[in-house]
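Residues per chain are reported as follows:
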Protein chains: 2
Amino acid sequence: MLTAIQKQTVRTRFAGLQTDLHQRLLQLDKDAQQKTHTWDKDGGSGGGTSLVLRGEVIEKAGVNFSCVAGDAYPRLESEHHGKPYYATGVSSICHPANPHAPIGHMNVRMLEVGDKVWFGGGADLTPYRIYEQDRDEFHQALRQACDSYSPTAYAEYTKWCDEYFFIKHRNTVRGVGGIFFDYLQNDFDTLLAFVCAVAEAYGRVYPQILARRLPLPYDSDDRDGLFYWRGRYVEFNLIYDRGTSFGLKTGGNVEAILVSLPPQVKW
Amino acid sequence: MLTAIQKQTVRTRFAGLQTDLHQRLLQLDKDAQQKTHTWDKDGGSGGGTSLVLRGEVIEKAGVNFSCVAGDAYPRLESEHHGKPYYATGVSSICHPANPHAPIGHMNVRMLEVGDKVWFGGGADLTPYRIYEQDRDEFHQALRQACDSYSPTAYAEYTKWCDEYFFIKHRNTVRGVGGIFFDYLQNDFDTLLAFVCAVAEAYGRVYPQILARRLPLPYDSDDRDGLFYWRGRYVEFNLIYDRGTSFGLKTGGNVEAILVSLPPQVKW
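Counting starts from 1 at the beginning of each chain's written sequence and moves along it residue by residue. For naming, the first written chain is A and the first written ligand is 1, with later ones following in the order written. Owing to the predicted nature of the model, reporting of local features is limited to residues with pLDDT of at least 70; listing and counting of side-chain atom pairs is limited to 80 or more, with chain, interface and lining totals taken over all residues. Where side-chain values are given, they derive from all heavy atoms of the structure, hydrogens and water being excluded.

S.K.: Give me the overall build of chain A: which residues, what numbers.
M.R.: From N to C terminus, chain A includes 7 helices and 10 strands. The C-alpha radius of gyration computed for chain A amounts to 18 Å, which stays within 12% of the reference 18 Å derived for 267 residues, consistent with globular compactness. Across its three principal axes, chain A shows a C-alpha extent of roughly 55 × 40 × 40 Å. Throughout, a contact is declared for two residues whenever any of their heavy atoms are within 4.5 Å. Intrachain contacts of chain A at a sequence separation of at least 6 include 65% that bridge at least 24 residues. Every accessible area reported is derived by Shrake-Rupley at a probe size of 1.4 Å, with residue values counting cover from the shown protein chains alone. Only carbon and sulfur atoms are counted for the fraction: they give 49% of the accessible area of chain A, which is about 11,400 Å². Just so you know, the count uses Lys and Arg for positive and Asp and Glu for negative, and it drops His and the chain ends. The atom standing in for a charge is NZ when the residue is Lys, CZ when it is Arg, CG when it is Asp and CD when it is Glu. Once the 29 positive and 32 negative side-chain charges of chain A are each reduced to a mean point, those two points are 2 Å apart. Helix and strand assignments come from DSSP, with helices taken as H or I runs of at least 4 residues and strands as E runs of at least 2, each series counted from the N terminus. As a reference, a globule follows 2.2 Å times the number of residues to the power 0.38, and the radius of gyration itself is taken over C-alpha atoms.

So this is what it looks like as structure tokens:
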């Protein structure tokens, strides 16, 4: 069982990660329109905050924090279905306007269900135009965060990422990978340090990649290519992503969940 | 069991409905770019044809015909799972450019699985700007087709439609309704006549509604509203629609299935 102090510690760390990442993205597009959505959970306790940016450079980005509790864990396929739960997490997605700049996604979360506590999360990069330098730099940053936790973590979690973000109906991976992990049960402090290291690594490396790609010139054909390619992202999120479909089907906050969808798409 | 002649009859009628509807939509946008995709089923017999229009007036429309057979009916939740099957159908979706003109959708299909044969289908209208005249005319046409089959059909199938096309996570219906029906088992000739009457009613009334709305003026704000509103359509199709997610997850033809997605969307 988590203590009240542990819960507060996680919330505070996650809220800090939210603010930090939001500021880092805002630095890349200081004129972006900023909106804050706060929401309360229906029929339970807790809620969340979405910080949304929409601008000329950062076409759409969201950094979400949520912390909710309930009497009955709703995941039907889980052995823990129906038990009391507590869940908190921070997630972010960023859709730059420039077709040379990759979509970035990061999420870390902690769940307590019944007498079990576990952490999950990950970070991945989805470029329309693929640059090896960006991929290598992104993976190197995540590898460092993983190595600080376990010598096998990076190998395991990159594999898990490629499996999870596979778009079955198009027989292709979603992007150039990253890491994905779930159900990690270990010492609380060790795991909290690990997931924060992942989020912080993302907070450093992703804006660094954007800073390099955002000045590159592009034309309306490049943008059009980006719009069609973003359709794959929507297909993955709405058809396969656990968090999205689970959240939508169980009455989560629609605006916060769908902040992940790209601003403009073509099919 | 269907006879070979019955199968040929259905195929011929459905292929005729496809051609007729395609021509009727083309009449509304004679300069639209026309494409034909044909595909063969992997690991089975049969295939299909998609007739796709993309133009200034009809921004995107598809009319699909398919006829496939296999050794094992793939729907896991069906009592008929694993039995030999034969399935044929025609479906259409149309996304006009003008925000005053509604999205139209129609599908009729026949399945034989093991020793059972059933028909299903429907037609529904999804306007961004709602006009009562359009809704009434659309429903009146479908009512006539239903009345020719059974005096209770229209009442039952409009209710089924409202239930099926309910977008749970947004707590709203998708459009202004229409009819939806499935698993109809009855005399073959009676059912074939009914589903063809539905498709033909749609083929008359939907272009008639478009012809009235397509000349109305609109500006870029109207288009922008349309783009955001089309997002609901994508959410429904990718999260809830049986045919779409079933087809994608079981290796159907991706291009044919996703021809239903709107040409331009914003979130």
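S.K.: Quick rundown of the pattern of salt bridges? Include the residues and the values.
M.R.: Oppositely charged side chains can pair when the atoms bearing their charge come close. Residues and elements named next belong to chain A. One speaks of a salt bridge when a side-chain nitrogen belonging to Lys or Arg is within 4 Å of a carboxyl oxygen belonging to Asp or Glu. Across all of its chains, the model carries 26 salt bridges over all chains by this definition. As a salt-bridge pair, E59 and R230 come within 2.9 Å of each other at their nearest N and O atoms. Note that E59 is positioned in strand 3 (residues 58-70) and R230 in helix 5 (residues 220-240), a separation of 171 residues in sequence. Exposure is judged per residue with a 1.4 Å probe applied to protein chains only, and the accessible area is read against the type maximum: over 50% gives exposed, under 20% gives buried, and values in between give partly exposed. Looking at E59, the relative accessible area reads 9%, which means it is buried. You can call R230 buried: its relative accessible area is 1%. One connected set of salt bridges, linked through shared partners, spans D134, E137, R212 and R213.

S.K.: Break down the sheet that holds strand 3 of chain A for me, citing the residues and quoting the values.
M.R.: Residue and element names in this part refer to chain A. Spatial ordering of the open sheet is given by 1-2-3-4-5-6-9, a layout of 7 strands whose pairing is antiparallel. The open sheet is flanked by strand 1 (33-40) and strand 9 (178-184), the only strands paired with a single partner. Geometrically, the sheet is characterised by an average inter-axis angle of 5 degrees between neighbouring strands, direction not taken into account. Pairing of strand 4 (residues 85-96) with strand 5 (residues 103-113) involves 10 bridges; the strand directions are antiparallel. The residue of strand 5 that forms the bridge with Y85 is V113. Contacting strand 6 (116-126) and strand 9, helix 3 (residues 153-164) crosses the sheet at an angle of about 100 degrees to strand 9. Strands are labelled as partners when DSSP assigns at least two bridges between them. Axis geometry follows a simple rule: fit a line to the C-alpha atoms, using only the stretch in contact for helices, then measure angles between N-to-C directions, giving values from 0 to 180 degrees.

S.K.: Got a sec to walk through the relation of the copies chain A and chain B? Specific residues and values, please.
M.R.: To line up the copies, we fit them by least squares on C-alpha atoms, keeping just the residues with pLDDT of at least 70 in both. Once chain A is rotated about the relating axis by 180 degrees and shifted along it by 0.0 Å, it coincides with chain B to within an RMSD of 0.0 Å. Here the transformation between the copies is reduced to the relation of a two-fold axis. Taken together, the interface assignments show that 100% of the residues at the interface of chain A recur at the interface of chain B, consistent with an identical surface on both copies.

S.K.: Before we move on, can you summarise the interface of chain A and chain B with the specific residues and values?
M.R.: Interfaces are often sized by the amount of accessible area the parts lose when they come together. Counting residues at the interface gives 22 residues for chain A and 22 residues for chain B. Buried surface at the junction of chain A and chain B, both sides included, amounts to about 2,000 Å², of which 64% is carbon and sulfur. Accessible area that two parts lose when put together, evaluated with a 1.4 Å probe and summed over both, is termed the buried area. Contact with chain B buries surface across chain A, with L238(A), I239(A) and W267(A) losing the most and accounting together for 32% of the total. Scanning the region where chain A abuts chain B turns up 0 salt bridges. In protein, a polar contact requires one atom able to donate a hydrogen and another able to accept it; more generally it is a pair of N or O atoms within 3.5 Å, and residues adjacent in sequence count only if both atoms are side-chain atoms. Taken together, the connections running from chain A to chain B amount to 7 residue pairs in polar contact (both at pLDDT 80 or more). Sorting the residues of the side of chain A that touches chain B by element identifies helix 5, helix 6 (242-249), helix 7 (254-257) and strand 10 (264-266) of chain A as the ones contributing at least two each. In the scheme used here, Gly and all other residues not listed as nonpolar or charged are polar, with Ala, Val, Leu, Ile, Met, Phe, Trp, Tyr, Cys and Pro taken as nonpolar and Asp, Glu, Lys and Arg as charged. Of the residues belonging to the side of chain A that touches chain B, the class tally is 13 nonpolar, 2 polar and 7 charged. In this structure, strand 10 of chain A lies alongside strand 10 (residues 264-266) of chain B, joined through 3 bridges in antiparallel fashion. When the bridges of strand 10 of chain B are listed, K266(A) appears paired with Q264(B).

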